[in-house]
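Notes for the structure review
One letter stands for each residue in the lines below.
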Amino acid sequence: MRLDDLTSHIERIQKHTIRLRSAVQTAIGLHFSAIANQTNENMRILAIITAVFAPLTLFTGIYGMNFEFMPGLRHAQAFWIMLGVMVMTTLLLLYYFYRRHMVGRGEKSVIDMLAQQHSDQHMSLFWFLDYEPIKQTVKGTIKEVEKLTKLK
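Residues numbered from 1 in each chain as written. Predicted model: local features only at pLDDT ≥ 70, side-chain atom pairs only at ≥ 80, totals over all residues. Heavy atoms only, no water.

1. Observations concerning the overall build of the protein chain
Looking only at helices and strands, one finds four helices and zero strands in the protein chain. Going from the N terminus to the C terminus, the protein chain shows its helices and strands as α-α-α-α. Nonlocal contacts in the protein chain, meaning residues at least 24 apart in sequence, comprise 69% of its contacts between residues at least 6 apart. For the protein chain, the accessible surface area stands at approximately 12,300 Å², while carbon and sulfur atoms represent 65% of it. (Helix = DSSP H or I, 4+ residues; strand = E, 2+ residues; numbered from the N terminus. Contact = heavy atoms within 4.5 Å. Areas by Shrake-Rupley, 256 points an atom, 1.4 Å probe, with all protein chains shown as cover.)

2. Let's talk about the layout of surface pockets
Volume-wise, the largest pocket comes out at about 170 Å³. Broken down by element, the lining of the largest pocket gets its largest block of residues, five residues, from helix α2 (residues 78-99). Looking at the lining of the largest pocket, its residues break down into nine nonpolar, one polar and no charged. (1 Å grid on protein atoms, 1.4 Å probe; cavity = no way out; pocket = protein on both sides within 12 Å on 5 of 7 lines; lining within 4 Å. Points joined across faces, edges and corners; volume = space filled by probe spheres on them. Nonpolar A, V, L, I, M, F, W, Y, C, P; charged D, E, K, R; others polar.)

3. A short note on the packing of aromatic side chains
Applying the stated rule across the entire model yields two aromatic pairs. With 4.9 Å between their ring centres and 75 degrees between their planes, F79 and W80 make a pair best called edge-to-face. By relative accessible area, which is 54% here, F79 ends up exposed. Residue W80 is classed as exposed on the basis of its relative accessible area, which comes to 55%. (Phe/Tyr/Trp six-rings, centres within 6.5 Å; stacked < 30°, edge-to-face > 60°. Buried < 20%, exposed > 50% of the residue type's maximum accessible area, 1.4 Å probe, protein only.)

4. Notes on a nonpolar patch on the surface
Residues F79, W80, L83, V87, L91 and L94 make up a contiguous nonpolar surface patch of about 610 Å² in total accessible area. In this structure, L94 sits in helix α2. Take L94: its relative accessible area is 37%, and that puts it in the partly exposed class. (Patch = residues over 30% accessible without salt bridge, like charges linked within 9 Å, V, L, I, M, F, W, Y side chains within 5 Å. Salt bridge = Lys/Arg side-chain N within 4 Å of Asp/Glu carboxyl O.)

5. What to know about the environment of Q14
Here Q14 shows up in helix α1 (residues 2-63). Overall, Q14 belongs to the partly exposed group, its relative accessible area being 48%.

6. Observations concerning the side chain of T90
Looking at where T90 falls in the secondary structure, it is placed in helix α2. With sequence-adjacent residues up to four places away left out, T90 is seen in contact with V52 and L56.

7. Looking at the packing of α1 against α2
Here α1 crosses α2 at 165 degrees, and the two axes come no closer than 10 Å. Comparing their axes, α2 and α1 come out roughly antiparallel. α1 and α2 meet at a crossing whose hand is right-handed. Contacts from I48, A51, V52, P55, L56, F59, T60 and Y63 of α1 reach α2 at M82, V85, M86, T89, T90, L93, L94 and F97. Looking at the contact of α1 with α2 residue by residue, the classes come out as 13 nonpolar, three polar and no charged. (Axes fitted to C-alpha atoms, helices over the stretch in contact; angles between N-to-C directions. Parallel < 35°, antiparallel > 145°, perpendicular 65-115°, else oblique. Left-handed = near helix turned anticlockwise from the far one by under 90°.)

8. Concerning a positive patch on the surface
Taken together, the side chains of K139, K143, K147 and K150 define a basic patch exposed on the protein surface. As for its position among the elements, K139 is in helix α4 (residues 132-151). (Lys, Arg positive; Asp, Glu negative; His and termini not counted. Charge placed at Lys NZ, Arg CZ, Asp CG, Glu CD.)

9. Focus: α2
An α-helical turn contains 3.6 residues, so any two residues separated by three or four positions project in the same direction. The end-to-end C-alpha separation of α2 is 31 Å, in line with the 32 Å expected for 22 residues at 1.5 Å each. In this structure, the buried residues of α2 make contact with α1. Immediately beyond the C-terminal end of α2, within one or two residues, lies H101, with a positive phi of roughly 60 degrees. (Expected span 1.5 Å × (residues − 1).)

Structure, rendered in structure tokens:
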């Protein structure tokens, strides 16, 4: 009789272990997904910065060349015209990215949302154990192990 109880307890513990393993794998997958989203967000910001500054670099590269005959070189207002073209290009690109919802809309990344949820707690490697169903499963497993150790 006790042997049958012991085997049933061991089977339940194995099922709990499988559930916990699944929960841990899901949590690790969520963590890697959040990291990938944050990396994508960083790459998007870098691409926008590059897109804004690339035309400015082209303009300064062309007008930074030392040629004797260059349009606007001897003109008194050439500097101000070129500066106006550069500012207008920058503003148009920023407006374009703003209209396409790529900049300035205050989106939060997944990492920020997770950090905000756990702001009152210290984040640790096992933060997923605070999830209520996992807490209950862990408590149940601990109780079952305590019962098994009392049978001896």
